[in-house]
Amino acid sequence: MIEALKHDLETRFADVPKEKIRVATAGTIEDPADAENWRLAVQEAFPEYEVYYMPLSCSIACHTGIGAVGIGTIVVEENR
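What counts, and where the lines are drawn
Residues numbered from 1 in each chain as written. Predicted model: local features only at pLDDT ≥ 70, side-chain atom pairs only at ≥ 80, totals over all residues. Heavy atoms only, no water. Helix = DSSP H or I, 4+ residues; strand = E, 2+ residues; numbered from the N terminus. Buried < 20%, exposed > 50% of the residue type's maximum accessible area, 1.4 Å probe, protein only. Contact = heavy atoms within 4.5 Å. Areas by Shrake-Rupley, 256 points an atom, 1.4 Å probe, with all protein chains shown as cover. Lys, Arg positive; Asp, Glu negative; His and termini not counted. Charge placed at Lys NZ, Arg CZ, Asp CG, Glu CD. pLDDT = per-residue confidence, 0-100. Arc of directions from axis to C-beta. Pairing = 2+ DSSP bridges. Axes fitted to C-alpha atoms, helices over the stretch in contact; angles between N-to-C directions. Salt bridge = Lys/Arg side-chain N within 4 Å of Asp/Glu carboxyl O.

Check the secondary structure of the protein and you find three helices and three strands. Dimensions of the protein, computed from the C-alpha atoms along their principal axes, are close to 35 × 30 × 20 Å. Taken across its 80 residues, the protein has 28% of its residues classed as buried. Sequence separation of 24 or more characterises 81% of the internal contacts of the protein that already satisfy a separation of 6 or more. Of the accessible surface of the protein, which amounts to about 5,500 Å², a share of 54% is contributed by carbon and sulfur atoms. Here the protein contributes 7 positive and 14 negative side-chain charges, whose respective centroids are spaced 8 Å apart.

In structure tokens form, the structure reads like this:
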């Protein structure tokens, strides 16, 4: 997942200013320490971004099970 996101940032998002990009992790991780370790692993891979962690909902967890993780990015547009 980390390599795929690196590729996306280098290609799909190459023309987007870094200050408009947000990187987030997510998961169905029960132990908060494990969730933080996942976030830190991604933060280490992307030191130029502040990386967040968001727990995934029960509706996702019922399909993936406990321990599923994800990573993603969004582009934040300015408020008008």
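Summing up the model confidence of the protein, the mean pLDDT is 93 and the portion of residues at 70 or higher is 98%. By mean pLDDT, the top-scoring element of the protein is helix H2 (residues 32-45) (97), and the lowest-scoring one is helix H3 (residues 58-64) (89).

Once that is clear, we can look at helix H1 (residues 2-10). Listed as buried for H1 are Leu 5, Asp 8 and Leu 9. For H1, the buried positions fall inside an angular range of 100° around the axis, keeping them on one side. Set apart from the buried face of H1 by more than 90 degrees, the exposed residues are Glu 3 and Glu 10.

Taken in spatial order, the three strands line up as E2-E1-E3 in an open sheet, and their pairing is mixed. Each edge of the open sheet carries a strand with a single partner, namely strand E2 (51-55) and strand E3 (69-75). Strand-to-strand twist across the sheet, computed as the mean angle between neighbouring axes with direction ignored, equals 30°. As defined by bridge partners, strand E1 (residues 21-27) adjoins E2 across five bridges and the pair is classed as parallel. By the bridge assignment for E2, Ala 26 is matched with Met 54.

If you trace the backbone, Glu 30 turns up in the loop between E1 and H2. Sequence separation between Glu 30 and Val 69 is 39 residues; the distance between their C-alpha atoms is 11 Å.

Throughout the structure, instances matching the rule amount to three salt bridges. Glu 3 is the salt-bridge partner of Lys 6, the closest N and O atoms lying 3.8 Å from each other. Of this pair, Lys 6 and Glu 3 are both found in helix H1, three residues apart, which corresponds to roughly one turn of the helix. Residue class for Lys 6 comes out partly exposed when judged on its relative accessible area of 27%.

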